[in-house]
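Structural features, examined
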Amino acid sequence: MKNKWALAGGGFLVLICLVGIFAPLLAPYSYKAQDMDHILNTPNSKFWFGTDGLGRDLFSRILYGARVSMAVGLISSSISLFFGTLYGLIAGYFGNKIEVVLMRTVDLFQSIPALVLMILVSVVFNACRFFEGSELLRDTLGMILALSLMGWVGVARLVRSQVLQVKELPFIEAARATGASDIVIMLRHILPQLSGSLIVMLTHLVPNQILFESFLSFIGLGLQPPYSSWGVLANEGWRSFRTFPHLILFPGIAIFLTMLASQFFGDGLRDELTS
């Protein structure tokens, strides 16, 4: 509570999540409603953030974009954290040949450039006929899978290194001496010791995933118009930023403030939970 910057960052993140959830109630217009009489308007009293090339209200599209960007960031980060934690826990605890095989797999994933992996998964999903008629679901699931495949590797490495330290502590040896099984030791004795680091890791993983989601959408491999995310809006605004800078200014500010708030919140949690 004494860290005002961490509180401000956490409050801003909660606000963004609430904005995304209640976007249909808060937005003055639909994200796809077009007004051909107000094309490329600069910010004014009717359209607070102006309008785009199809007369769509930019403020409303940013509110709807928060829903997609935060959902993709939170879900993909949670999947990466869960799988990476489980993977690193097993590798670090059992060691020997199991650790060698598992960590060589991690090395293999790390040898693939993250951008190439994300583009490959997105292209495969875009070509999948199973999602015909559900473009929003297809694009969202494709981004979540791509970001999850990219994010779990770093988590697994960090968890493994911490498990190697924790499993040598005296209370772990005492648990083994009492006949506790490996699963009990991992879940009841080792995992709670990592909880602080995992929470901090999640707060830093979410903004990274949001940034990568914005990048995927920016290069045209994420969400496709007319659906809205911050990356889609930045992509649309980039094409005419010299003549209508408001089109990229406001989405860019939304991304920047979210990254900054996540950094403040994560740093505050790290100082509190790891001290």
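Residues numbered from 1 in each chain as written. Predicted model: local features only at pLDDT ≥ 70, side-chain atom pairs only at ≥ 80, totals over all residues. Heavy atoms only, no water.

1. Comments concerning the environment of Glu236
Turning to its location among the elements, Glu236 is positioned in helix α9 (residues 230-238). For the pair Glu236 and Ile190, spaced 46 residues apart in the sequence, the C-alpha separation amounts to 48 Å. (Helix = DSSP H or I, 4+ residues; strand = E, 2+ residues; numbered from the N terminus.)

2. Section: the packing of helix α3 (residues 58-94) against helix α8 (residues 182-218)
In helix packing, the relevant descriptors are the interaxial angle and the interaxial distance, both defined with respect to the helix axes. Axis separation between α3 and α8 bottoms out at 7 Å; the angle between their running directions is 145°. α8 is crossed by α3, and the crossing has right-handed handedness. Here the contact of α3 with α8 is built from residues that sort into 17 nonpolar, eight polar and two charged. (Axes fitted to C-alpha atoms, helices over the stretch in contact; angles between N-to-C directions. Left-handed = near helix turned anticlockwise from the far one by under 90°. Nonpolar A, V, L, I, M, F, W, Y, C, P; charged D, E, K, R; others polar.)

3. Focus on α3
Along its 37 residues, α3 runs 53 Å from first to last C-alpha, staying within 8% of the 54 Å computed at 1.5 Å per residue. Summarising burial for α3: 26 of the 37 residues are buried, a large majority. Just downstream of α3 lies Gly95, where phi reads positive at about 60°. (Expected span 1.5 Å × (residues − 1). Buried < 20%, exposed > 50% of the residue type's maximum accessible area, 1.4 Å probe, protein only.)

4. With respect to the packing of aromatic side chains
One pass over the full model with this rule turns up 10 aromatic pairs. Judged by centre distance (5.4 Å) and plane angle (35°), the ring pair of Tyr29 and Phe47 falls under tilted. Pair noted here: Tyr29 is in the loop between α2 (23-26) and α3 and Phe47 is in the loop between α2 and α3, with a separation of 18 residues, a long-range link. Looking at Tyr29, the relative accessible area reads 29%, which means it is partly exposed. For Phe47, a relative accessible area of 2% translates into the label buried. Where Phe83 meets Tyr87, the ring centres are 5.8 Å apart and the plane angle is 45°; that geometry is what we call tilted. Of this pair, Phe83 and Tyr87 both sit in helix α3, four residues apart, which is roughly one turn of that helix. (Phe/Tyr/Trp six-rings, centres within 6.5 Å; stacked < 30°, edge-to-face > 60°.)

5. A closer look at the nonpolar core
In terms of nonpolar packing, the biggest core is built from 21 residues, with Leu58, Ile62, Leu63 and Trp230 touching the most fellow members. Elements represented by at least two residues in this core include exactly α1 (4-21), α3, α8, α9 and α10 (246-273). The element best represented in this core is α3, accounting for seven residues. Filtering out sequence-adjacent residues up to four positions away, Leu63 remains in contact with Val19, Gly20, Ala23, Leu26 and Ala27. Counting 16 residues, the second-largest nonpolar core is a separate cluster that includes Val155, Ala175, Ile185 and Leu198. (Core = buried A, V, L, I, M, F, W, Y, C linked by side-chain atoms within 4.5 Å. Contact = heavy atoms within 4.5 Å.)

6. Describing the pattern of salt bridges
Applying the stated criterion across every chain, the model contains six salt bridges. Measuring nitrogen to oxygen at the nearest pair gives 2.8 Å for the salt bridge that ties Arg56 to Asp52. With a relative accessible area of 5%, Arg56 lands in the buried category. Assessed through its relative accessible area of 6%, Asp52 is described here as buried. Salt-bridge contacts for Glu99 lead to Arg160; the nearest nitrogen and oxygen are separated by 2.6 Å. Placement of Glu99 in helix α4 (residues 96-111) and of Arg160 in helix α6 (residues 135-166) is noted, with a sequence separation of 61 residues between them. Classification of Arg160 by relative accessible area gives partly exposed; the value is 22%. When salt bridges with common partners are traced through the structure, they connect Asp52, Arg56 and Arg61 into a single cluster. (Salt bridge = Lys/Arg side-chain N within 4 Å of Asp/Glu carboxyl O.)

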